[in-house]
Amino acid sequence: MSRTYRIAVLAGDGIGPEVMTESLRVLDAVEAKFGFSTTRSTQLVGGAAIDATGHPLPKETISACEQSDAILFGSVGGPKWESLPPDIQPERGALLPLRKHFGLFANLRPGVCLPSLTHASPVKNELIPHGFDVLCVRELTGGVYFGTPKGREERDGEPVAFDTMIYRKSEIQRILRVAFAAAMGRGKRLVSVDKANVLATSVLWRETAIEIAREFPEVTLSHLYVDNAAMQLVRRPDSFDVLVTENLFGDILSDEMAMISGSLGMLPSASLGARKEGTDLYFGMYEPSGGSAPDIAGQGIANPIAQVLSAAMMLRYSLGEPAAADAIDAAVARTIDDGFRTGDIATGAPTETRVGTAAMADAILARL
Ligand code: NAD
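Residues numbered from 1 in each chain as written. Predicted model: local features only at pLDDT ≥ 70, side-chain atom pairs only at ≥ 80, totals over all residues. Heavy atoms only, no water.

1. Remarks on the overall build of the protein
Thought 1: Broken down by element type, the protein carries 11 helices and 14 strands.
Thought 2: Dimensions along the principal axes, computed over C-alpha positions, put the protein at roughly 65 × 50 × 50 Å.
Thought 3: Residue burial in the protein is summarised as follows: out of 368 residues, 51% are buried.
Thought 4: Excluding contacts between residues fewer than 6 apart, the proportion of contacts in the protein whose partners are at least 24 apart in sequence is 73%. (Helix = DSSP H or I, 4+ residues; strand = E, 2+ residues; numbered from the N terminus. Buried < 20%, exposed > 50% of the residue type's maximum accessible area, 1.4 Å probe, protein only. Contact = heavy atoms within 4.5 Å.)

What follows is the structure, given as structure tokens:
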């Protein structure tokens, strides 16, 4: 039986449409090679949707996403829409409502520094002779950002402010299952990051991690306090395979990880929602870690790799086509090893071939 999946394609603004075009070409190629197909519903989002319909997330876009197995997202925003009221600005009005509508509770961000790009990492190169490849799994819908009560009041004659860090066990269980399953598809090592020496939520987190580990006997689980994790990430990023943590810690650690990777144009991300019954697959939204890069939009020079790797993550986590995902990851790594560079990752070394967006995708396609 032929394997067909439905995806919603939301290219958005700035470099979004440029890099999306290239990622769809790569998707075409793996479909032909691995014998499956995708039905694509192309929809407006962000500033492009504001211009056409007056709203950054039109109803048709939401309903196309609801009818899909996954959303492949470009990026939204730009100077043109910055003076609009916050609620209808591209990011606030489209990205956040999409995350909420689809209950996207797990954020997966790989921090990859390929061996030939270690010069771009601020980590001392002798510490990362072979680069590194870490996956950060962050809980996205719970914890102190959403806990109640939160507020501000007057106590003993001075203002106080408070937030509540709260986690239900079921919330911890579901994010840990995502992380363990991801580790199963990689190096089978999971570090759970908490602050169990101080925080009650972290004690429950750690207990739950130990419980869920029994479902995944092949995965080696270890624990780090978040302050130590932040240090180890800059000292020995290559010692990590997958790390999993709660919302606030993950917000900080995933940005630290992107920074040490050195090149924003290379980093994809996934936000996962409902699990498809009886499988380890999830409905998900896949997008580059960077934004719409208005400074280089329309010039054909953006690095398409973050978008291409976002499509690979979609194949892995939502469509269940891991061989095609592996093929894309390998072709990208070979393209970089062979010296192809867009402006954001170029050093000017004579071994490099300087390319634009489409030629970078051509080089990846030639290595698939
Ligand atoms: P940005 O990530 O768009 O750009 C930061 C820098 O990285 C720029 O110099 C840009 O040229 C470069 N860069 C980013 N992606 C690149 C790529 N693929 N290839 C080469 N260079 C790349 O962040 P910003 O400048 O802070 O934001 C620009 C706009 O994007 C804003 O409107 C912001 O709101 C929006 N934004 C959107 C998202 C999203 O859609 N998820 C995320 C972040 C920012």
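2. Description of the domain arrangement of the protein
Thought 1: Entries for the protein in the domain assignment read domain 1 (1-110 + 264-368) and domain 2 (122-261).
Thought 2: Between the C-alpha centres of domain 1 and domain 2 there is a distance of 25 Å.
Thought 3: Interface area, domain 1 with domain 2, both sides summed: about 1400 Å², of which 63% is carbon and sulfur.
Thought 4: It is Phe105, Asn107 and Arg109 in domain 1 that bury the most area against domain 2; as a group they hold 47% of the surface buried on that side.
Thought 5: At the boundary of domain 1 with domain 2, the tally comes to one salt bridge.
Thought 6: Between Arg109 and Asp255 there is a salt bridge; the shortest N-O distance is 3.1 Å.
Thought 7: The interface formed by domain 1 and domain 2 includes five residue pairs in polar contact (both at pLDDT 80 or more).
Thought 8: With five residues, the top contributor of residues to the side of domain 1 that touches domain 2 is strand β4 (residues 106-113).
Thought 9: Partitioned by chemical class, the residues of the side of domain 1 that touches domain 2 number 10 nonpolar, two polar and four charged. (Domains from an automatic or database assignment. Buried area = accessible area lost by both parts, 1.4 Å probe. Salt bridge = Lys/Arg side-chain N within 4 Å of Asp/Glu carboxyl O. Polar contact = N/O pair within 3.5 Å; in protein donor to acceptor, adjacent residues only side chain to side chain. Nonpolar A, V, L, I, M, F, W, Y, C, P; charged D, E, K, R; others polar.)

3. Overview of the site of the ligand
Thought 1: Around the ligand, the structure places 20 residues, and the nearest of them are Val76, Glu91, Gly291, Ala293 and Asp295.
Thought 2: Gly78 has a polar backbone atom sitting 3.0 Å from an oxygen atom of the ligand.
Thought 3: The separation between an oxygen atom of the ligand and a polar main-chain atom of Gly291 is 2.7 Å.
Thought 4: Its free accessible area being 800 Å², the ligand has 68% of it covered by the protein chains. (Near = heavy atom within 4 Å. Areas by Shrake-Rupley, 256 points an atom, 1.4 Å probe, with all protein chains shown as cover.)

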